[in-house]
Number of protein chains: 2
Amino acid sequence: MALLFSSKNDDPERWRDVLAQELPDLDFRIWTPGGENIGDPADIEFALVWGPKKGALKAFPNLKAILSLGAGVDHLDGKDLPEGIPVARLVDPGLTRGMREYVIYWTIHYHRRFGEYAAATAAKTWQQLPQADTCNRRVGIMGLGMLGADAAMHLTALQFDVAGWSRSPKTIPGVTCYNGDDGLADFLGHTEILVCLLPLTPETTGIINTKTLAQLPEGAAIINAARGPHVVDDDLIQALDSGHIQGATLDVFHIEPLPSDHAFWDHPKINLTPHAASITTPETAVLPVAQNIRRVLAGQTPEPLVDMDAGY
Amino acid sequence: MALLFSSKNDDPERWRDVLAQELPDLDFRIWTPGGENIGDPADIEFALVWGPKKGALKAFPNLKAILSLGAGVDHLDGKDLPEGIPVARLVDPGLTRGMREYVIYWTIHYHRRFGEYAAATAAKTWQQLPQADTCNRRVGIMGLGMLGADAAMHLTALQFDVAGWSRSPKTIPGVTCYNGDDGLADFLGHTEILVCLLPLTPETTGIINTKTLAQLPEGAAIINAARGPHVVDDDLIQALDSGHIQGATLDVFHIEPLPSDHAFWDHPKINLTPHAASITTPETAVLPVAQNIRRVLAGQTPEPLVDMDAGY
């Protein structure tokens, strides 16, 4: 039994070590362009991948499952994958915790005006600012998958007034849920701090644009921890410069690393992080990966299963 | 039935309005040095105060209870208060929420290295930093009163490894509790992010000093949201400059507003806020205050009752 590992972002040695502890019989093979380490392609039953080479996974006749190294699967193109092989997203408890922290931190940042306090400190100004009560602070989460629902629940536990928006209807205790094209304007109109945790699909590409930004109330803030192409960069800069949007925190970009001449680097109303909102760590992610391998070996499907047509 | 209001920090008009809604029969009188608005001192049954003038409360023969406008009572000196009159601290749900947010924000700030990311962004550097797992991040809360226990429980819910230290033994689910002089070194030795929420008493004054800072592990961070005199300023600066302590977030100071020539303003390893970690808001604080007035009128003691000898 062999697993093919292929990723430019993840450390193969760490994955080899943690998988060996969970599944000592698993043969760990690292993809290379020339195929030197792969051995007999017929041995490969599992592929653990981030952004594999186009069509590369079609070379393995006994492949049983494709396991994503990330929560999103926009690094996979359905047309390049072998037909009929299940694809599972990664649900890493460490990744979920990391995203939760990122969303809570930046939500509190805008809620409690810590950016303004930092600027006041730099100017040696001592001034308490008026403070809205948490219960009246409206936070809106776009995307209510595993990460979005988790963030929504934790913000609700902190007593924020939380709403969510997703393509299909969802129910989360304590969270006002909107859905579909019809619900988007209402959702945005009620959102002071907008958090984007959507999957990247043709429908969600460019969803943060001049029209939707204008639907947010004056002074709203944006947190994008999903994918760069959710945002139309020029539209966001225009909304920040006009003052309609007070600030944006961006972890993801159209091109990564963010090119050094991009306007985001210097913009006074933008906080940015280098795609670090949450990082897959082999030590916590190995458990659900090993669990999925065991499930497939037992004749079950891996979880959570991706609908490659929907894109998530 | 009359209440005397005396505070330099709190807005009497807002308090008059919110109290009138809860207790329409309560006569609201604002203290002035000349006593112009107080009327007959014998009318005053309640005092709602922050830092009243020395001895001023002894002038009211029918005073039934002293209600603090803050969670701490270091603004009151037992020697200046009329004997035998119960003193209650303020437990404002809005104040508790505010402190919880402050502690969570700055804990995540150090845990997730957001200060380092901000510096990298300013230098246009794109670099993901190694990240410790939340479950292994040791946060220590000094002071396990209402605010400390609340912060400890919420950090535990976020899956931090939380310890607490208090004068007397305490039990909080999921939190490793240390106590007394004997427990302090052990507590500090296990703490990477130290949060001070202690009451200010003779025993806790100067508790963050060269000796205790040295007991923290290399690279620890400090968050002080209690009172300025908990910290020996020069000792903290020395520990920051030596690199033993990576950073400090300070909301409170020996003298407030912080004098413009104080070294804290410019220190690159210090984040400061102007005693804004949490602010009493009349709209949320009025309920426990009104509740205490009703308790006293019904012959009960107000809550939580302060032991003025202990100082909290």
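Everything quoted here is computed from the prediction, not taken from an experiment. (Residues numbered from 1 in each chain as written. Chains lettered and ligands numbered in written order. Predicted model: local features only at pLDDT ≥ 70, side-chain atom pairs only at ≥ 80, totals over all residues. Heavy atoms only, no water.)

Details of helix α2 (residues 93–111) of chain B
Residues and elements named next belong to chain B.
Here's step 1: Along its 19 residues, α2 runs 27 Å from first to last C-alpha, staying within 8% of the 27 Å computed at 1.5 Å per residue.
Here's step 2: Burial analysis of α2 places 18 of its 19 residues in the buried class, which makes it a mostly covered element.
Here's step 3: Its side-chain oxygen 2.8 Å from the backbone nitrogen of glycine 94, aspartate 92 forms the N-cap of α2.
Here's step 4: Residue arginine 113 follows α2 closely and has a positive phi angle near 65°. (Helix = DSSP H or I, 4+ residues; strand = E, 2+ residues; numbered from the N terminus. Expected span 1.5 Å × (residues − 1). Buried < 20%, exposed > 50% of the residue type's maximum accessible area, 1.4 Å probe, protein only. Polar contact = N/O pair within 3.5 Å; in protein donor to acceptor, adjacent residues only side chain to side chain.)

Quick look at the interface of chain B and chain A
Here's step 1: The interface is formed by 46 residues belonging to chain B together with 46 residues belonging to chain A.
Here's step 2: Carbon and sulfur atoms make up 62% of the surface buried where chain B meets chain A, a total of about 4,100 Å² over both sides.
Here's step 3: Area buried by chain B at its contact with chain A is led by Glu101, Tyr105 and Trp126 of chain B, which between them contribute 21% of it.
Here's step 4: Taken together, chain B and chain A are joined by six salt bridges. (Contact = heavy atoms within 4.5 Å. Buried area = accessible area lost by both parts, 1.4 Å probe. Salt bridge = Lys/Arg side-chain N within 4 Å of Asp/Glu carboxyl O.)

Some details on the relation of the copies chain B and chain A
Here's step 1: Note on the identical chains: chain B maps onto chain A by a rotation of 180° and an axial translation of 0.0 Å, with an RMSD of 0.1 Å. Expressed as a symmetry operation, the mapping of one chain copy onto the other fits a two-fold axis. Residue tyrosine 105 of chain B of chain B places its C-alpha closer to the rotation axis than any other residue of that unit, at 2.7 Å.
Here's step 2: Mapped onto chain A, 100% of the interface residues of chain B are again interface residues, and the two copies thus contact each other with one and the same surface. (Least-squares fit on C-alpha atoms with pLDDT ≥ 70 in both.)

Observations regarding the packing of helix α2 (residues 93–111) of chain A against α2 of chain B
Here's step 1: Here α2 of chain A crosses α2 of chain B at 125°, and the two axes come no closer than 9 Å. Here α2 of chain B runs oblique to α2 of chain A, going by the angle between their axes. The two elements α2 of chain A and α2 of chain B cross, and the hand of that crossing is left-handed. Taking contact as the criterion, the partners of Glu101, Ile104, Tyr105, Ile108, His109 and His111 of chain A in α2 of chain A are, on α2 of chain B, Glu101, Ile104, Tyr105, Ile108, His109 and His111 of chain B.
Here's step 2: Broken down by class, the residue content of the contact of α2 of chain A with α2 of chain B amounts to six nonpolar, four polar and two charged. (Axes fitted to C-alpha atoms, helices over the stretch in contact; angles between N-to-C directions. Parallel < 35°, antiparallel > 145°, perpendicular 65-115°, else oblique. Left-handed = near helix turned anticlockwise from the far one by under 90°. Nonpolar A, V, L, I, M, F, W, Y, C, P; charged D, E, K, R; others polar.)

As for the sheet that holds strand β4 (residues 65–68) of chain B
Residue and element names in this part refer to chain B.
Here's step 1: Pairing within the open sheet is parallel, and its five strands lie in the order β2-β1-β3-β4-β5. The open sheet has two edge strands, β2 (27–30) and β5 (87–88), and neither has a second partner.
Here's step 2: Sheet analysis places β4 next to β5, joined by two bridges and oriented parallel. The residue of β5 that forms the bridge with leucine 67 is alanine 88. (Pairing = 2+ DSSP bridges.)

Focus: the domain arrangement of chain A
Residues and elements named next belong to chain A.
Here's step 1: Split by domain assignment, chain A resolves into domain 1 (2–92 + 280–297) and domain 2 (93–272).
Here's step 2: On a C-alpha basis, the centroid separation for the pair domain 1 and domain 2 is 32 Å.
Here's step 3: Facing the nine residues of domain 1 at the interface are nine residues of domain 2.
Here's step 4: Across the contact surface, domain 1 and domain 2 share one salt bridge.
Here's step 5: Here arginine 227 and aspartate 74 are joined by a salt bridge, their closest N and O atoms 2.8 Å apart.
Here's step 6: Taken together, the connections running from domain 1 to domain 2 amount to four residue pairs in polar contact (both at pLDDT 80 or more).
Here's step 7: Grouping the amino acids of the side of domain 1 that touches domain 2 by side-chain chemistry returns four nonpolar, three polar and two charged. (Domains from an automatic or database assignment.)

Digging into the sheet that holds strand β7 (residues 161–166) of chain B
Residue and element names in this part refer to chain B.
Here's step 1: The parallel open sheet is built from seven strands, whose spatial order is β8-β7-β6-β9-β10-β11-β12. Two strands in the sheet have a free side with no partner beyond their single neighbour: β8 (176–179) and β12 (270–272). Within this sheet the neighbouring strands show an average axis-to-axis angle of 15°, counted without direction.
Here's step 2: Where strand β11 (residues 245–250) meets β12, three bridges bridge the pair, whose relative direction is parallel. For leucine 250, the partnering residue across the bridge sits in β12 and is leucine 272.
Here's step 3: The sheet contacts of helix α4 (residues 146–157) involve β6 (138–142) and β7, and relative to β6 the element is tilted by about 165°.

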